[in-house]
Amino acid sequence: MTGGRQSRGIELAGLTKSYGDVPAVRGLDLAIAPGETVALLGPNGAGKSTTIDMLLGLSRPDSGTVSVFGAPPAEAVRSGWVGGMLQAGSPPDLLTVREFVTLIASYYPHPLLVDDVLRATGAGELAQRRTTKLSGGQAQRARFAAALVGNPDLLVLDEPTSGIDVEGRHEFWKVMRGFAAQGKTVVFATHYLEEADAFADRVVLIARGRVVADGPATEIKAKAGPRSVRATLPHVDVGSLRALPGVVGVERHGDAVVLSCSDADVALASLFARFPEARDVEASGGRLEEAFLELTAAASDRCSEEAAR
Amino acid sequence: MSGATHVRYEILRTFRNRRALLVTLALPLVLYYSIAGGNRHATTAGISFPLYFMTGMAAYGAMWATVSTGGHLAIDRSRGWARQLRVTPLRPRTEMVAKVLAAYLVALPALALVFLAGATLGVSLGAAQWAEMTGLLLVGLVPFILMGLILGHLVPGDALVPAVGGLVVLFALFGGALGSFFNSGAMLAFVKLLPSFWLAQAGKAALLLGDWPTEGWAVVAAWTVVLVPLAMVAYQRDTARA
């Protein structure tokens, strides 16, 4: 691969796509740098799969452009720069797992060794088994091996671990990390929040066909609006607590107070400075799940407002 | 990247599909022995009945072999494999070549078995006649290979068997592979426009005329010219969907 191509990364600009009257993607912009591992996170029907189809050249956007390492997606795929693991992409029938992975390897200009990949993905023991005689988890390992064996620069995975147990997911991401560590670009769609949080450098939250948040998982969490700080603090009046920097709301429950914060770090610091007697202090960082619900709900509100207009 | 592996595995898959292969190879033989066996001394259209019926069964068996092999694409589609292939560097042309070769490789043993069955019932031809009959059959199969591929792109996997069966029986029946039912007038003019008519005539042409008449070549060519773009449209439509 040439340095020039690699430096181009992936660009999705102004993408829209409708199926009949139903808009699936409505103005999506996203730039991905080479070597990044990016999660496309969103509820079902958010437009993740449609976006992935356009990224892979499987469907043509109604408007907007897709560029993969400086080339149109179809050309990138033809050149062997791209590996994909589609949601419903079962291996062909009448082949063994080894034959299936060997077949995929034969399409690529610089494939990895089939045996190495089978071993790494835990599909080694399945090598002689027919593709139609696999459990869900086994089929997923075979498909994963097939996605890696072409040694592509960009790996695109559409909900790669759906229907897989926790242990299987863990194994999957361990191998995936090793692959990404070689400077590969990885884009995966998921609706498992913890997966996006744990494995992506960057989480792109998609709702109603648009990007509603984009950044490291921690940044997305911070966007979840006020976090709360809880403390045991009798005999302090609510008004003086509300006046603390970083605090936007206060509730009292007997001896305990709950502060809603615009900036929890500032709020904690000022709380300890003014009221050193505060005990049992607990800060609950907005969890990704809350951020997710909040941000996607905000997007739906905007959409219904637009629809009402 | 040469595509050789793809072609090899496509053929491997075709020959591993044991049950489909068994039906394809056995059905014409069963029909041939049960019908020609009892009429081995009869004469039809100026030739011995076993020879006459052998040419029909060769056409029928070869049609079945090519349409059902191309139609296996419907299974690839329903499994999502056809779509998965779209995100690999495999060229559509390689895919097409592999399907056509696989279809011919099933048609060849189907033909050979029917010819052997004919020989056991006393059919005896010169080498040139066998070769010419086989050659005309292989050319006449081109529209059926294309029809198999189109069917594979259009029908869902679970509708494949009735679709293949229906298409082959209709073409075989009207084309005269199961017996000539339309021998005059408008119906004859119509059935002469079917590629299966000329497929069924391949044997007789080799025996009596030495070749298809121009009309035969024209019909097969016209079907091919129409079906190639249709197959390409079906392929693209399939790719664009979802």
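Conventions we followed
- Residues numbered from 1 in each chain as written.
- Chains lettered and ligands numbered in written order.
- Predicted model: local features only at pLDDT ≥ 70, side-chain atom pairs only at ≥ 80, totals over all residues.
- Helix = DSSP H or I, 4+ residues; strand = E, 2+ residues; numbered from the N terminus.
- Buried ≥ 20, exposed ≤ 12 C-beta atoms within 10 Å, placed from the backbone.
- Contact = placed C-beta atoms within 7 Å.
- Rg over C-alpha atoms; globule rule 2.2 N^0.38 Å.
- Domains from an automatic or database assignment.
- Expected span 1.5 Å × (residues − 1).
- Axes fitted to C-alpha atoms, helices over the stretch in contact; angles between N-to-C directions.
- Parallel < 35°, antiparallel > 145°, perpendicular 65-115°, else oblique.
- Left-handed = near helix turned anticlockwise from the far one by under 90°.
- Nonpolar A, V, L, I, M, F, W, Y, C, P; charged D, E, K, R; others polar.
- pLDDT = per-residue confidence, 0-100.
- Core = buried A, V, L, I, M, F, W, Y, C linked by C-beta atoms within 7 Å.
- Arc of directions from axis to C-beta.
- Pairing = 2+ DSSP bridges.

Observations regarding the overall build of chain A
From N to C terminus, chain A includes 12 helices and 13 strands. The burial tally for chain A puts 43% of its 309 residues in the buried class. Excluding contacts between residues fewer than 6 apart, the proportion of contacts in chain A whose partners are at least 24 apart in sequence is 69%.

A few points about the overall build of chain B
Helix and strand counts for chain B stand at 12 helices and 2 strands. Listed N to C, the secondary structure of chain B is α-α-β-β-α-α-α-α-α-α-α-α-α-α in terms of helices and strands. At 18 Å, chain B has a C-alpha radius of gyration in line with the 18 Å of a compact globule built from 242 residues. Counting only C-alpha atoms, chain B reaches 60 × 35 × 30 Å along its principal axes. Here chain B, with 242 residues, has 45% of them falling under the buried criterion. Considering only contacts within chain B whose residues lie at least 6 apart along the sequence, 80% involve residues at least 24 apart.

Some thoughts on the domain arrangement of chain A
Along its sequence, chain A is organised into domain 1 (3-221) and domain 2 (226-284). The C-alpha-based centres of domain 1 of chain A and domain 2 of chain A are spaced at 44 Å.

What to know about helix 6 (residues 136-149) of chain A
Residue and element names in this part refer to chain A. Spanning 14 residues, helix 6 covers 20 Å between terminal C-alpha atoms, matching the ideal 20 Å at 1.5 Å per step. Within helix 6, 10 of the 14 residues are buried, which leaves it mostly tucked inside the rest of the structure. Along helix 6, the residues classified as buried are Gln-140, Arg-141, Ala-142, Arg-143, Phe-144, Ala-145, Ala-146, Ala-147, Leu-148 and Val-149. Next to the buried residues of helix 6 lie strand 5 (82-85), helix 4 (97-107), helix 5 (114-120), strand 6 (154-158) and helix 7 (166-180). Where helix 6 terminates, the next one or two residues include Asn-151, which has phi positive at roughly 55°.

Some points on the packing of helix 4 of chain A against helix 6 of chain A
All names here are of chain A. Helix 6 packs onto helix 4 with a crossing angle of 25° between their chain directions and a minimal axis gap of 8 Å. Taken together, the axes of helix 4 and helix 6 are roughly parallel relative to one another. Once helix 4 is placed against helix 6, the crossing between them reads as right-handed. Residues Val-97, Phe-100, Val-101, Ile-104 and Ala-105 of helix 4 touch helix 6, and the partners they reach there are Ala-142, Ala-145, Ala-146 and Val-149.

Quick word on the packing of helix 2 (residues 18-36) of chain B against helix 3 (residues 49-71) of chain B
Residue and element names in this part refer to chain B. Between helix 2 and helix 3, whose axes approach to 10 Å, the crossing angle comes to 165°. Here helix 2 lies roughly antiparallel to helix 3, going by the angle between them. For the element pair helix 2 and helix 3, the recorded crossing hand is right-handed. Taking contact as the criterion, the partners of Ala-20, Thr-24, Leu-27, Pro-28, Leu-31, Tyr-32, Ile-35 and Ala-36 in helix 2 are, on helix 3, Phe-49, Pro-50, Phe-53, Met-54, Met-57, Tyr-60, Gly-61, Trp-64, Ala-65 and Ser-68. Looking at the contact of helix 2 with helix 3, its residues break down into 15 nonpolar, 3 polar and no charged.

So, the interface of chain A and chain B
Contact with chain A, which involves 26 residues of that partner, is made by 21 residues of chain B. Of all the secondary-structure elements, those providing two or more residues to the side of chain A that touches chain B are helix 3 (73-78), strand 5 and helix 4 of chain A. In terms of residue count, helix 4 of chain A provides more of the side of chain A that touches chain B than any other element does, 5 residues in total. Class assignment of the residues belonging to the side of chain A that touches chain B gives a composition of 15 nonpolar, 7 polar and 4 charged.

Observations regarding the confidence of the model for chain A
For chain A, the mean per-residue pLDDT works out to 87, and 88% of the residues sit at or above 70. When the elements of chain A are averaged for pLDDT, helix 1 (residues 3-6) of chain A gives the smallest value, 53, and helix 4 of chain A the largest, 97.

Some thoughts on the nonpolar core
Counting residues in each nonpolar core, the largest one holds 140 residues, and the members touching the most others are Val-101 and Ala-145 of chain A together with Ala-59, Ala-62, Met-63 and Leu-137 of chain B. When residues in this core are grouped by element, the largest group, 13 residues, is from helix 3 of chain B. Excluding its chain neighbours within four sequence positions, the residues that come into contact with Val-101 of chain A are Val-114, Val-117, Leu-118, Ala-145, Ala-146 and Val-149 of chain A. Formed by 12 residues, the second largest nonpolar core is a distinct cluster that contains Leu-241, Leu-244, Val-247 and Leu-271 of chain A.

Quick notes on helix 1 (residues 4-16) of chain B
For an α-helix the count is 3.6 residues per turn, leaving residues at separations of three or four pointing the same way. Over its 13 residues, helix 1 of chain B runs 18 Å from end to end, which matches the ideal 18 Å to within 8%, given 1.5 Å per residue. Taken together, the buried positions of helix 1 of chain B are occupied by His-6, Glu-10, Arg-13 and Thr-14 of chain B. Relative to the axis of helix 1 of chain B, the buried residues are bounded by an arc of 100° and lie together on one face. Buried residues in helix 1 of chain B make contact with helix 4 of chain A together with helix 3 and helix 6 (92-120) of chain B.

Some words on the sheet that holds strand 10 (residues 227-232) of chain A
Residues and elements named next belong to chain A. Pairing is antiparallel in the open sheet, where 4 strands are placed in the order 11-12-10-13. Each end of this open sheet is capped by a strand with a single partner; those strands are strand 11 (247-253) and strand 13 (279-284). For this sheet, the mean angle separating the axes of adjacent strands, direction not counted, is 15°. One ladder, built from 4 bridges, connects strand 10 with strand 13; its direction is antiparallel. In the sheet register, Ser-228 faces strand 13, and the bridge partner there is Ser-284. Along the sheet face, helix 11 (residues 264-274) touches strand 10, strand 11, strand 12 (256-261) and strand 13 and points at about 20° away from the line of strand 10.

Here's the deal with the pairing of strand 10 of chain A
Residue and element names in this part refer to chain A. Judged by which residues are buried, strand 10 turns out to be one-sided: Arg-227, Val-229 and Ala-231 face inward and are buried, whereas Ser-228, Arg-230 and Thr-232, on the alternate face, are not. The pairing of strand 10 with strand 12 spans 6 bridges and is classified as antiparallel. The residue of strand 12 that forms the bridge with Thr-232 is Ala-256.

Section: the confidence of the model for chain B
Mean pLDDT over chain B works out to 92, with 97% of the residues at or above the 70 mark. This complex was scored by the predictor with a pTM of 0.83 and an ipTM of 0.90.

Section: unusual backbone geometry
All names here are of chain A. A positive phi angle, near 70°, is found at Leu-94, a position not held by glycine. Here Leu-94 shows up in the loop between strand 5 and helix 4. Looking at Leu-94, the number of C-beta atoms within 10 Å reads 20, which means it is buried. The residue Asn-151 is not glycine, and still its phi comes out positive at about 55°. Secondary-structure assignment places Asn-151 in the loop between helix 6 and strand 6.

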